[in-house]
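An overview of the molecular structure
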Amino acid sequence: MQIYHAKKEDIPQIKKIWMEIFEDSKNFTDFAVSICPEEGIYLLKDEEKIVAMTIAGIDVEAYGKKGFYIYGVGTIPEYRKKGCAKHLINYICDEKFKNGYDFSITQPATESLFDFYKSLGFDNTTYLRKFSYDIKRSIWESADFDTVTSGRFNTVRKKFAEDEIVSFTDKGYVKFTEYVYTEGGSTAENKDGYCLYFEEKNKIIVRDMFAKNTNSAIKLLQAIRERTGKEKADIELSQNSTLFLGEGKLYPHCVVKNLDKEVYANLMFD
């Protein structure tokens, strides 16, 4: 078996395998595979048959260092438990680090995979604090909605961030912004904060929030309630965030290789 960078003619087979492995819709699969150029998709082939794949063509940054995000790691059923994913990830890291990259980050799909990535040298785990919050109504609160463009995402996120964040490069934010709005995400911002959220039937899911203080964060949530009518929120914050909206619990989120400093990495393509 050998590892190759994908070519244009591989894309139909890649999409077919993606839908079989991850059970995603055709629309999402088309988008996920299009996020980076073909050469950013790595394939493990047994002769002409693709048996494992992953995408590592999204560049990220933290502490002034250059990194890459790994996602879409999958092996077809009959080739699992044969070391295919391990071989593929080790190959990608070796190639990328030799070509000027400083670190790698990925989001394990299940809790059991954290140990798998640790065995590959991903020894720095990032955490999120998750909790539910009841939003009290205030008809006086307002915010600007869906005004964060790809050119502004990095700026608004870093303006109030307390931690060093893993951020995309400019090209990455273009794709990320497309991903957010395609998947039904919305942004809310005012002079004291920003957040990214998604609506569910009876609540909102806040995936990213930075604000000047807790009161500023509450005002943002109240503005979202006025817009959506949702009275409850499930919120994810950095483990070190000083915004106090509830005790919550810490959950492992991403694993990082070759970067031993604490970092916040909630916004990934997942």
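Residues numbered from 1 in each chain as written. Predicted model: local features only at pLDDT ≥ 70, side-chain atom pairs only at ≥ 80, totals over all residues. Heavy atoms only, no water.

Thoughts on the overall build of the protein chain
Scanning the protein chain from N- to C-terminus turns up seven helices and 13 strands. Radius of gyration (C-alpha) of the protein chain: 19 Å, near the 18 Å computed for a compact globule of 270 residues. Its C-alpha atoms give the protein chain principal-axis dimensions of roughly 65 × 35 × 35 Å. Every one of the 270 residues in the protein chain was classed for burial, and the buried ones make up 50%. Long-range contacts, defined as pairs at least 24 residues apart, comprise 73% of the intrachain contacts of the protein chain with a sequence gap of at least 6. Per element, the accessible surface of the protein chain, about 13400 Å² overall, is 46% carbon and sulfur. Computing the positive centroid from 39 side-chain charges and the negative centroid from 43, the protein chain places the two 1 Å apart. (Helix = DSSP H or I, 4+ residues; strand = E, 2+ residues; numbered from the N terminus. Rg over C-alpha atoms; globule rule 2.2 N^0.38 Å. Buried < 20%, exposed > 50% of the residue type's maximum accessible area, 1.4 Å probe, protein only. Contact = heavy atoms within 4.5 Å. Areas by Shrake-Rupley, 256 points an atom, 1.4 Å probe, with all protein chains shown as cover. Lys, Arg positive; Asp, Glu negative; His and termini not counted. Charge placed at Lys NZ, Arg CZ, Asp CG, Glu CD.)

Examining the pattern of salt bridges
Under the criterion given, the structure shown has 16 salt bridges. A salt bridge links E20 to K16, with the shortest nitrogen-to-oxygen separation between them at 2.7 Å. Of this pair, E20 and K16 both sit in helix 1 (residues 11–22), separated by four residues, roughly a single helical turn. Assessed through its relative accessible area of 48%, K16 is described here as partly exposed. With its nearest N and O atoms 2.9 Å apart, the salt bridge here joins E226 to R137. Here E226 is found in helix 7 (residues 214–228), whereas its partner R137 is found in the loop between strand 6 (124–134) and strand 7 (144–145), with 89 residues between them in sequence. On the accessibility criterion, E226 (29% relative accessible area) is partly exposed. Look at the salt bridges and you will find they share partners, linking K15, K26 and D30 into a network. (Salt bridge = Lys/Arg side-chain N within 4 Å of Asp/Glu carboxyl O.)

Topic: the nonpolar core
Judged by nonpolar contacts, the single largest core of 68 residues is most densely connected at I14, I41 and F176. Of all the elements, strand 3 (residues 49–62) adds the most residues to this core, at nine residues. I41 has contacts with Y4, H5, A6, I11, I14, V33, C36, T54 and I55, leaving out every residue within four places of it along the chain. A211, A217, A223 and I224 belong to the second largest nonpolar core, which has 21 residues in total. (Core = buried A, V, L, I, M, F, W, Y, C linked by side-chain atoms within 4.5 Å.)

Examining the environment of V166
Its place among the elements puts V166 in the loop between helix 5 (153–159) and strand 8 (167–168). Take V166: its relative accessible area is 2%, and that puts it in the buried class. Sequence-wise, V166 and A62 are 104 residues apart; in three dimensions their C-alpha atoms are separated by 5.0 Å.

A word on the environment of K66
Assignment of secondary structure puts K66 in strand 4 (residues 65–75). When near neighbours in sequence (up to four residues on either side) are disregarded, K66 contacts D59, V60, G100, Y101, D102 and F103.

What about the packing of helix 1 against helix 2 (residues 26–34)?
Relative orientation of the contacting elements helix 1 and helix 2 amounts to 125°, with a least axis distance of 10 Å. On the basis of their axis angle, the class for helix 1 and helix 2 is oblique. Judged by the sense of rotation from one axis to the other, the crossing of helix 1 with helix 2 is right-handed. Only K26, F28, T29, D30, A32 and V33 of helix 2 make contact with helix 1, whose side of the interface consists of I11, I14, K15, W18 and M19. In terms of residue class, the contact of helix 1 with helix 2 is built from seven nonpolar, one polar and three charged. (Axes fitted to C-alpha atoms, helices over the stretch in contact; angles between N-to-C directions. Parallel < 35°, antiparallel > 145°, perpendicular 65-115°, else oblique. Left-handed = near helix turned anticlockwise from the far one by under 90°. Nonpolar A, V, L, I, M, F, W, Y, C, P; charged D, E, K, R; others polar.)

Quick notes on the layout of surface pockets
Quantified by volume, the largest pocket comes out at close to 800 Å³. Along the wall of the largest pocket there are 31 residues; nearest its centre are F22, V73, G74, A109 and L113. Mapped onto the lining of the largest pocket, the elements with two or more residues apiece are helix 1, helix 2, strand 4, helix 3 (84–98) and helix 4 (113–118). Of the residues forming the lining of the largest pocket, the biggest block, seven residues, is contributed by strand 4. (1 Å grid on protein atoms, 1.4 Å probe; cavity = no way out; pocket = protein on both sides within 12 Å on 5 of 7 lines; lining within 4 Å. Points joined across faces, edges and corners; volume = space filled by probe spheres on them.)

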